[in-house]
Amino acid sequence: MVHVSLRNFCSITPKFRDYFKLPNNNVLRWFPGHMNRGLKDMENKLRSVDCIIEVHDARIPLSGRNPQFKNTVCGIKPHILILNKTDLIDNKKLPDIEKVVKKEGGANDVIFTNCRDEKCKGVQKVLPTVMQLIRNSTRYNRAEVKEFSLMVIGVPNVGKSTFLNHIRKSNIKKGGGAPTGAKAGITRSVSNRIKVSTDPLVYVFDTPGIWTPYIPDIETGMKLALCETTQDHLVQFLNMADYLLYWFNKNKQFSAVE
Ligand SMILES: Nc1nc2c(ncn2[C@@H]2O[C@H](COP(=O)(O)OP(=O)(O)OP(=O)(O)O)[C@@H](O)[C@H]2O)c(=O)[nH]1
């Protein structure tokens, strides 16, 4: 039996793959009918919205935000980016992530949240930030309207509904709100307005998670899959495990071997 210690193994500098290949790129195509309908419905509701809250997974802050949003629901209204699930990343990296994300642009402000935490760290900052942005912007067609409407958008399973329920709970102390679930695609249509605050009076529309119909590159698609924004059976576990192994090797993360 050949016995190779971990130290010897790592000093061999093995040749790892330079790029990741999928046996079939079609596994990264996921745009069921409810997403198309949802996107159209979101565009139709825009007139009655004062601010867009885009929720994304903090583990992939620079990958996989739906580029379609830029040309449809974003751009005209104030827009903040919530990077959620910070319980799953090294929080020492948050200031660096914030700098890079702000440099990339595409939102007026960035807030980190952890909705796993009972107090939902970060959520308290959201309404004051949103109200400030709305007050500093022109409320097209809505200057006379006393109440405020927000729309939560993002790719599937990043925690949009959970986040909405936390805002509601922390402001009006009520449970319920929007249905949530561990599988991508729980919310399948734009919700009715959900009250999340009485003073100021604020309502939120929850929306279905929308995957981009065109994944720009395989690695972005695989990162989105590993963060469970699509359904595992579509991409398949073996492909996901293989990509994870490829990523670990590429980034010289060998602790998994131990
Ligand atoms: N670890 C962790 N899990 C979270 C967090 N926020 C939400 N989740 C979990 O993520 C899963 C998806 O949450 P949802 O709120 O249903 O996500 P969504 O974006 O509304 O999903 P769609 O309906 O697919 O669009 C659930 O299992 C939540 O419990 C978080 O901050 N950290």
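Preceding this paragraph is the structure being described.
Residues numbered from 1 in each chain as written. Predicted model: local features only at pLDDT ≥ 70, side-chain atom pairs only at ≥ 80, totals over all residues. Heavy atoms only, no water.

## A closer look at the site of the ligand
So, step 1. Neighbouring the ligand are 22 residues, the closest being C115, K160, T162, G185 and T187.
So, step 2. At a separation of 2.8 Å, a nitrogen atom of the ligand approaches a polar side-chain atom of D87.
So, step 3. In the model, an oxygen atom of the ligand is placed 3.1 Å from a nitrogen or oxygen of the G209 main chain.
So, step 4. For the ligand, the accessible surface in isolation is 660 Å², of which the surrounding protein chains cover 92%. (Near = heavy atom within 4 Å. Polar contact = N/O pair within 3.5 Å; in protein donor to acceptor, adjacent residues only side chain to side chain. Areas by Shrake-Rupley, 256 points an atom, 1.4 Å probe, with all protein chains shown as cover.)

## Concerning the pattern of salt bridges
So, step 1. Under the criterion given, the structure shown has 12 salt bridges.
So, step 2. Notably, a salt bridge pairs D41 with K45, separated by 3.8 Å at the nearest N-O pair. Of this pair, D41 and K45 are both found in helix α2 (residues 33–45), 4 residues apart, which corresponds to roughly one turn of the helix.
So, step 3. Put simply, D50, R139 and R142 are held in one network by salt bridges that share partners. (Salt bridge = Lys/Arg side-chain N within 4 Å of Asp/Glu carboxyl O. Helix = DSSP H or I, 4+ residues; strand = E, 2+ residues; numbered from the N terminus.)

## Considering the sheet that holds strand β5 (residues 194–198)
So, step 1. Read across the open sheet, the 6 strands follow the order β3-β2-β1-β4-β6-β5; overall the sheet is mixed. The open sheet has two edge strands, β3 (109–112) and β5, and neither has a second partner. Averaged over all neighbouring strand pairs, the angle between strand axes comes to 25°, with direction disregarded.
So, step 2. The sheet contact formed by strand β1 (residues 51–57) and strand β2 (residues 79–84) spans 6 bridges and is parallel. Within the sheet, the bridge partner assigned to I53 lies in β2 and is I80. (Pairing = 2+ DSSP bridges. Axes fitted to C-alpha atoms, helices over the stretch in contact; angles between N-to-C directions.)

Any link to function would need more than the numbers given here.
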